[in-house]
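Residues per chain are reported as follows:
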Amino acid sequence: MAYRIGSGVDFHRLTEGRELWIGGVNIPHHKGSLGHSDADVLLHAICDAMLGALSLGDIGVHFPNTDNAYKNIDSKILLHQTAELIGKEGYTVVNIDSTICLQEPKIRPYIGQMKKAIATAIGISEKDVSVKATTTEELGFAGREEGLMAYATVLLQRV
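Definitions and limits used
Each chain has its residues counted from 1, following the order in which its sequence is written. Selection of residues for local features in this predicted model requires a pLDDT of at least 70, selection of side-chain atom pairs for listing and counting requires 80 or more, and totals for whole chains, interfaces and linings are taken over all residues. Only heavy atoms go into the side-chain values, all of them from the structure, while hydrogens and water stay out. Whether two strands pair comes down to DSSP finding at least two bridges between them. Secondary structure elements are defined from DSSP: runs of H or I of at least 4 residues count as helices, runs of E of at least 2 residues count as strands, and each element is numbered from the N terminus. In what follows, residue pairs with any heavy atoms lying within 4.5 Å of each other are defined as contacts. Axes here mean lines fitted to C-alpha atoms, for a helix over just the part in contact, with angles spanning 0 to 180 degrees between N-to-C directions. By definition, a salt bridge exists where a carboxyl oxygen of Asp or Glu is found within 4 Å of a side-chain nitrogen of Lys or Arg. The pocket and cavity definitions rest on a 1 Å grid over protein atoms only: a 1.4 Å probe that fits but cannot leave marks a cavity, an open set with protein on both sides within 12 Å along at least five of seven lines marks a pocket, and residues lining either have an atom within 4 Å of a point. Grid points are joined across faces, edges and corners, and a volume is the space filled by probe spheres set on the points. Asp, Glu, Lys and Arg are counted as charged, while Ala, Val, Leu, Ile, Met, Phe, Trp, Tyr, Cys and Pro are counted as nonpolar; the rest, among them Gly, fall into the polar class. Multiplying 1.5 Å by the helix residue count minus one yields the expected span of that helix. When accessible area is computed with a 1.4 Å probe and restricted to protein chains, residues below 20% of their type maximum are described as buried, those above 50% as exposed, and intermediate ones as partly exposed.

So, the sheet that holds strand β1 (residues 3–15)
Consideration 1: Spatial strand order, β4-β1-β7-β5-β6: five strands in an open sheet with mixed pairing. Where the open sheet ends on each side, the last strands, each with one partner, are β4 (32–33) and β6 (129–134).
Consideration 2: Direction of pairing for strand β5 (residues 91–101) relative to β6: parallel, over a ladder of six bridges. Each residue of the ladder has a partner; that of Ile96, found in β6, is Val129.
Consideration 3: Against the sheet, helix α1 (residues 41–53) engages β1, β5, β6 and β7 (147–158), with an angle of about 150° to β1.

Next comes the structure, spelled out in structure tokens:
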């Protein structure tokens, strides 16, 4: 097939004493994402979408949280390695569409930086990366600022 599409989703708990990394950008906030790596919910969802498009499993298969090599790792490295994996399969990313769901902080001021970080890690144009954000209208765990989530859809093309 010339094209493959994948979707990914990720969730992380928010907690005091951690940095908040979203889309490869450190965002000032009183809470950060809890996880084995830097817990970048958006980059993890994108990795899962890329891997899923080619039936290569998920981020946990390739970068398990039981491996200390990935402890506190910068998720931009995981995204870059995922792009290399799909490249070895003969595919490249056409475009990414993603949504981050969180109540606070507002991330609009950081979206340009996120698009640049994602595009650089994968080796595509910033024009091919869409990052959107929404609140959950104070509903659920995201609305109570207990956690956040991200969704991503990725289109791949055979090179």
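Points about the pattern of salt bridges
Consideration 1: By the definition in use, this model includes four salt bridges.
Consideration 2: Two residues, Asp74 and Lys76, come together in a salt bridge whose shortest N-O distance is 3.0 Å.
Consideration 3: Of the charged contacts, one joins Arg144 and Glu146 as a salt bridge, the two residues approaching to 2.9 Å between their closest N and O atoms.

Quick word on the layout of surface pockets
Consideration 1: Considered as a void within the structure, the largest pocket measures approximately 220 Å³ in volume.
Consideration 2: Looking at the lining of the largest pocket, the elements with two or more residues in it are β1 and α2 (59–62).
Consideration 3: Of the residues that constitute the lining of the largest pocket, the class distribution is six nonpolar, seven polar and two charged.
Consideration 4: The computed volume of the second largest pocket comes to approximately 160 Å³.
Consideration 5: If you go around the second largest pocket, the residues you meet are Leu102, Gln103, Pro105, Lys106, Ile107, Arg108, Ile111, Ala133, Thr134 and Thr135.
Consideration 6: Classifying every residue of the lining of the second largest pocket gives five nonpolar, three polar and two charged.

Quick word on helix α4 (residues 111–122)
Consideration 1: Its 12 residues place the ends of α4 17 Å apart at the C-alpha level, agreeing with the 16 Å of an ideal helix rising 1.5 Å per residue.
Consideration 2: Listed as buried for α4 are Ile111, Met114, Ala117, Ile118, Ala119, Ala121 and Ile122.
Consideration 3: Where the residues of α4 are buried, they touch β2 (20–22), β3 (25–27), α1, α3 (75–88), β5 and β6.

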